[in-house]
Amino acid sequence: MGRRLYLRLGLFVVPGSVLYALLPLLATDRLGLDSAGYGVLLAGLGVGSVAAAFLAPAVRDRIGANMTVLIASALFAVGTVVVALSSVLAVTLPVLAVVGAAWIGVVATLNGVVESFLPVWVRARGLSIYQMVLFGSLALGSAVSGGIASWLGSITTTTAAGIAVIAV
């Protein structure tokens, strides 16, 4: 079960990290924002993330961990595509809040599942592997997306990443 959870995490985070890696380019190229505007976009992500930290346990208890991850992944994927294609801040900002909440929904739920099924004597080791997969996937996805974006552009790359999240 552990390997499947780590694989599921990696398959979500590698394409999911593209939005975070390319958001500065989308802010500049698509929305015409400066650094302050980019900060507003990050605030949108943060608001959603904080809200999800409070709401995710109740959602998980109500619909289960698997369904939480499935719905949050789908919301993240659709939100990523909308952010990539939107040129209107009033559309992008609330969608980023949903995306931030969905990210936390997936990452925190999978973390909780890993923590709950591991025996106490190996829990710290299992969680360290979880962190390694999470941050390694973030690094890999960000690096690959930068290379692909230099070839295809940030909008196409981010849109494709959203579609990839849906596929996985």
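Residues numbered from 1 in each chain as written. Predicted model: local features only at pLDDT ≥ 70, side-chain atom pairs only at ≥ 80, totals over all residues. Heavy atoms only, no water.

Visitor: Can you help me understand the packing of helix 1 (residues 2–30) against helix 3 (residues 65–85) in this one?
Guide: The geometry of helix 1 relative to helix 3 is characterised by a closest axis approach of 10 Å and an angle of 25 degrees between their N-to-C directions. What the angle tells us is that helix 1 and helix 3 run roughly parallel. Seen along the crossing, helix 1 lies across helix 3 with a hand that is left-handed. The segment helix 1 lies against helix 3, with R8, F12, G16, L19, Y20, L23, L26 and R30 engaging N66, V69, L70, S73, F76, T80, V83, A84 and L85. Within the contact of helix 1 with helix 3, the residues separate by chemical class into 11 nonpolar, four polar and two charged. (Axes fitted to C-alpha atoms, helices over the stretch in contact; angles between N-to-C directions. Helix = DSSP H or I, 4+ residues; strand = E, 2+ residues; numbered from the N terminus. Parallel < 35°, antiparallel > 145°, perpendicular 65-115°, else oblique. Left-handed = near helix turned anticlockwise from the far one by under 90°. Contact = heavy atoms within 4.5 Å. Nonpolar A, V, L, I, M, F, W, Y, C, P; charged D, E, K, R; others polar.)

Visitor: Whenever I open this one, helix 5 (residues 120–152) confuses me. Can you help?
Guide: Note on helix geometry: an α-helix contains 3.6 residues per turn, so any two residues three or four positions apart are oriented the same way. Over its 33 residues, helix 5 runs 47 Å from end to end, which matches the ideal 48 Å to within 8%, given 1.5 Å per residue. Within the sequence span of helix 5, burial applies to V122, G126, Y130, V133, L134, S137, G141, S145 and A149. In the core, the buried residues of helix 5 are packed alongside helix 1, helix 4 (89–117) and helix 6 (154–167). A positive phi of about 100 degrees marks G153, the residue just after helix 5. (Expected span 1.5 Å × (residues − 1). Buried < 20%, exposed > 50% of the residue type's maximum accessible area, 1.4 Å probe, protein only.)

Visitor: Sorry if this is basic, but what is going on with the packing of aromatic side chains here?
Guide: Any aromatic ring pair is given by two values, namely how distant the centres are and how the planes are angled relative to each other. Scanning the entire structure with this criterion turns up five aromatic pairs. Residues Y20 and W103 carry aromatic rings whose centres are separated by 4.9 Å and whose planes lie at 70 degrees to one another, so their mutual orientation is edge-to-face. In this pair, Y20 is assigned in helix 1 and W103 in helix 4, connecting sequence segments 83 residues apart. Residues F76 and W103 carry aromatic rings whose centres are separated by 5.6 Å and whose planes lie at 45 degrees to one another, so their mutual orientation is tilted. (Phe/Tyr/Trp six-rings, centres within 6.5 Å; stacked < 30°, edge-to-face > 60°.)

Visitor: For this particular structure, what's the right way to read the nonpolar core?
Guide: Core analysis: the largest hydrophobic core is formed by 34 residues, its most contacted members being L19, F76 and Y130. Dropping the residues within four chain positions of it, Y130 is found in contact with Y6, L9, V107, L110, N111 and V114. (Core = buried A, V, L, I, M, F, W, Y, C linked by side-chain atoms within 4.5 Å.)

Visitor: Teacher, can you tell me more about a nonpolar patch on the surface here?
Guide: On the surface, a cluster of nonpolar side chains totalling about 920 Å² of accessible area is made up of V50, F54, L55, V59, I63, M67, L70, I71, L75 and V98. The element that contributes the greatest number of residues to the nonpolar patch is helix 2 (residues 35–63), accounting for five residues. Counting through the fold element by element, M67 comes out in helix 3. (Patch = residues over 30% accessible without salt bridge, like charges linked within 9 Å, V, L, I, M, F, W, Y side chains within 5 Å. Areas by Shrake-Rupley, 256 points an atom, 1.4 Å probe, with all protein chains shown as cover. Salt bridge = Lys/Arg side-chain N within 4 Å of Asp/Glu carboxyl O.)

Visitor: Looking at this structure, how should I read helix 1?
Guide: For helix 1, with 29 residues, the first-to-last C-alpha span of 40 Å sits near the 42 Å given by 1.5 Å per residue. At L22, helix 1 is bent by approximately 55 degrees, the largest bend along its length, and proline P24 sits one to four residues beyond. Two residues or fewer past helix 1, G32 is found with a positive phi of approximately 70 degrees. (Bend = angle between axes of the 7 residues up to and from the residue.)

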